[in-house]
Amino acid sequence: MRNRVSFSLCLIVLVCLLIGLLELFVLQSFTSLENRLLDTFVRQSALHDSPDPDIVIVDIDEASITSLAPEVGNWPWPRSIYAEFLEALFPLQPDAVVFDLMLAEPDLYRPDSDAWLNEVLQQSDSVFFPTLRMNKESDPEGFPLSEFGDFLGITPGPEADME
C-alpha cells in the first residue's frame, strides 16, 4: 500500500512538473495574469515611495500631441522639437537626459530638422537614446556593436562575443 501511495505521489508530482514546463515554455496562458500581478505590485510599492526630487519625467501623451498638432503637425514630430527641448534644458545642466523614443531612420522630408538635432546633441554627452540591433538576417547592412565600442565607451569583457 505504501509503495502505491509513493508511486501515485511521484506520478502526480511528475505530471504537475510537466504541466508547469508546458505552461512555461509553450502555452504561456498565464502571462497576462503575471503582467497584471506585477503591475499591481509596482503600483502598491509606488504608493509608499516618495518620488526622487532630482528626477523629472517629461511624457509625450495624447494631450501633448493634440496641443502641438496645430503648430508642428501630427505624430511623429519633427526632430527640431527635440532639439528645441534640449536647448531649453541644457542651461539647467541635467546629469542625464534619457529618451524612451526610437529615432531609427532619417527624416527624409525634413533633413534640416535632423541636422539641427544632431548639432544640439553634439553639445552634450549626457543625452541617451535607446538602441536596437536587429538580427543579421534582417539587417545585413548593420554594424556589429564591437565597432562602436570606442565611440560608446564600451570595453568588451572577457566573455564578450565579438561576432
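Further up the page is the structure itself.
Here is a short report on the structure shown in this document. (Residues numbered from 1 in each chain as written. Predicted model: local features only at pLDDT ≥ 70, side-chain atom pairs only at ≥ 80, totals over all residues. Heavy atoms only, no water.)

Moving on, we get to the environment of Phe 99. Secondary-structure assignment places Phe 99 in the loop between strand S1 (97–98) and helix H5 (111–121). Between the alpha carbons of Phe 99 and Phe 129 there is a distance of 5.1 Å; along the sequence they are 30 residues apart. (Helix = DSSP H or I, 4+ residues; strand = E, 2+ residues; numbered from the N terminus.)

What follows concerns the pattern of salt bridges. Pairs can form between side chains of opposite charge whenever their charged atoms are close. Tallied over the entire structure, the rule returns two salt bridges. Two residues, Asp 114 and Arg 79, come together in a salt bridge whose shortest N-O distance is 2.8 Å. One end of the pair, Asp 114, is in helix H5; the other, Arg 79, is in helix H4 (residues 79–89), with 35 residues separating them in the sequence. As far as the burial class goes, Asp 114 and Arg 79 line up, both buried. Here Arg 110 makes a salt bridge to Asp 107, at a shortest N to O gap of 2.8 Å. On the basis of relative accessibility, which here comes to 13%, the residue Asp 107 falls in the buried class. (Salt bridge = Lys/Arg side-chain N within 4 Å of Asp/Glu carboxyl O. Buried < 20%, exposed > 50% of the residue type's maximum accessible area, 1.4 Å probe, protein only.)

Note that soluble globular proteins tend to have their nonpolar side chains buried in a common cluster. Within the largest apolar cluster, 14 residues are counted, with the highest numbers of intra-cluster contacts made by Trp 77, Tyr 82, Leu 86, Phe 99 and Val 127. Elements represented by at least two residues in this core include exactly helix H3 (62–72), H4 and H5. It is H4 that provides the largest number of residues to this core, a total of four residues. Residues contacting Leu 86, with those up to four places away along its chain left out, are Val 97, Phe 99, Leu 117, Val 120, Leu 121 and Val 127. (Core = buried A, V, L, I, M, F, W, Y, C linked by side-chain atoms within 4.5 Å. Contact = heavy atoms within 4.5 Å.)

According to the stated counting rule, one finds four aromatic pairs in the structure shown. On the numbers, 5.2 Å between centres and 65 degrees between planes, the contact of Trp 75 with Trp 77 is edge-to-face. By relative accessible area, which is 37% here, Trp 75 ends up partly exposed. Since its relative accessible area comes to 6%, Trp 77 is described here as buried. Look at Phe 99 and Phe 129: their rings are 4.6 Å apart centre to centre, the planes differ by 15 degrees, and that puts the pair in the stacked class. Here Phe 129 lies in the loop between strand S2 (127–128) and helix H6 (149–152) and Phe 99 lies in the loop between S1 and H5, a separation of 30 residues in the sequence. For Phe 99, a relative accessible area of 11% translates into the label buried. In textbook terms, an aromatic cluster arises when at least three aromatic residues are bridged by ring pairs, as seen for Trp 75, Trp 77, Tyr 82, Phe 99 and Phe 129. (Phe/Tyr/Trp six-rings, centres within 6.5 Å; stacked < 30°, edge-to-face > 60°.)

So, about the side chain of Asp 114. Note on Asp 114: relative accessible area 12%, which makes it buried. With residues near it in sequence (within four places) discarded, Asp 114 still touches Arg 79, Pro 106 and Asp 107.

It is worth spelling out unusual backbone geometry at this point. Trp 75 connects to Pro 76 through a cis peptide bond whose omega is 0 degrees. With respect to the helices and strands, the residue Pro 76 is situated in the loop between H3 and H4. Of note, Gln 93 is a non-glycine position whose phi angle comes to about 55 degrees, a positive value. Following the sequence through the fold, Gln 93 ends up in the loop between H4 and S1.

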